[in-house]
Amino acid sequence: KAELVTTEVRVRKLAIYDSSKHEKFVLKDPRTWKYGERKCIVPVDVTIKYGYNLQDLTADDVKLTEDSTAVVILMPEPQVIDSGYEAKVETASVVRMSSGLRDKISHEEVDRLMEKTYEMVMKENFTSMVSKDVENNTRVVIEGIVRSLGMKNTAVVVLRKEGWKE
């Protein structure tokens, strides 16, 4: 693999477990909670790393201008290179409430809640929100490479390949 990660996004969601709902992801006003229901709120921090698969580049995508004043690179659309969430939860950050004689929410239920929240976050498309940052950060990284090759006065221009979704 040849991947270039240039931008990291952290998303914090509050995962909500509600035993009175089939989907378990609805939060009601605590004043309406009924005897025997279980509630749990868990903060979930998801990390998404964006960048490029450099294997999507061809020789035609990298050009040096005739006067050697600029390196022009046509980059594909940024993509998710890596993602994950912190599986360890600080007990103090979890809000649990169990009324009546119901058992407390188990660690397994909290784990399922976090996994479901992670899956929901990954269905969201943050690419358009971060694409400018990915482009700028890519330019900075490639400028560093170009400078280290001794091309001190050569500009780096990063352009988008055709087919980018906005």
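This one's a predicted model, so the numbers in the text were calculated from it and none came from an experiment.

> For this particular structure, what's the right way to read the overall build of the chain?
A count of helices and strands for the chain gives two helices and seven strands. In the chain, the order of α-helices and β-strands from amino to carboxyl end is β-β-β-β-β-β-α-α-β. Pairs at least 24 apart in sequence give 80% of the contacts found in the chain among residues at least 6 apart.

> Please clarify how the pattern of salt bridges should be interpreted in this entry.
Should their charged atoms come close, side chains of opposite charge can pair. The final tally for this structure, using the stated rule, is eight salt bridges. Of the charged contacts, one joins Glu 135 and Arg 160 as a salt bridge, the two residues approaching to 2.8 Å between their closest N and O atoms. Pair noted here: Glu 135 is in helix H2 (residues 127–148) and Arg 160 is in strand S7 (residues 155–160), with a separation of 25 residues, a long-range link. With relative accessibility at 11%, the residue Glu 135 sits in the buried group. What makes Arg 160 partly exposed here is its relative accessible area of 23%. Salt bridges sharing partners connect three or more residues here, namely Glu 8, Arg 10 and Lys 49.

> Help me out: how do you make sense of the packing of aromatic side chains in this one?
To describe a pair of aromatic rings, you give the distance between the ring centres and the angle between the ring planes. Tallying each qualifying case throughout the model produces one aromatic pair. Taking the centre distance of 5.1 Å and the plane angle of 40° together, the rings of Tyr 85 and Tyr 118 count as tilted. Taken together, the residues Tyr 85 in strand S5 (residues 79–85) and Tyr 118 in helix H1 (residues 107–123) connect sequence positions 33 residues apart. Look at Tyr 85 and you get partly exposed, because its relative accessible area is 24%. Exposure remark for Tyr 118: the relative accessible area of 15% places this residue in the buried category.

> Would you take a moment to explain the sheet that holds strand S3 (residues 62–64) for this structure?
Sheet architecture is open: three strands sit in the order S3-S4-S7, paired in mixed fashion. The outermost strands of the open sheet, each flanked by one partner alone, are S3 and S7. Direction aside, neighbouring strands of the sheet carry axes that sit 20° apart on average. Two elements, S3 and strand S4 (residues 70–75), share three bridges in a ladder whose sense is antiparallel. Its bridge partner being in S4, Lys 63 is matched across the sheet by Val 72. The strands touched by H2 within the sheet are S4 and S7, with S7 carrying the most contacts at an inclination of about 145°.

The rules we used
Once a new chain begins, its residue numbering starts again from 1 and follows that chain's sequence as written. Confidence filtering applies because this is a predicted model: local features only for residues at pLDDT of at least 70, side-chain atom pairs given and counted only at 80 or more, and all residues used for totals across whole chains, interfaces and linings. Each side-chain value is derived from all of the structure's non-hydrogen atoms; neither hydrogens nor water enter the calculation. Every helix listed is a DSSP run of H or I at least four residues long, and every strand listed is a run of E at least two residues long, numbered separately from the N terminus. Contact between two residues is taken to exist if any of their heavy atoms lie within 4.5 Å; hydrogens are not considered. Salt bridge, as used here, is a side-chain nitrogen of Lys or Arg placed within 4 Å of a carboxyl oxygen of Asp or Glu. Between buried and exposed lies partly exposed: a residue is buried under 20% and exposed over 50% of the maximum accessible area for its type, with that area taken using a 1.4 Å probe on protein chains only. Aromatic pairs are defined between Phe, Tyr and Trp rings, using the six-membered ring for Trp, whenever the two ring centres lie within 6.5 Å; interplanar angles under 30 degrees are classed as stacked, those over 60 as edge-to-face, and all others as tilted. One requirement defines pairing of two strands: DSSP has to find at least two bridges between them. To define axes, lines are fitted to C-alpha atoms, for helices over the stretch in contact only, and angles between the resulting N-to-C directions are given on a 0 to 180 degree scale.

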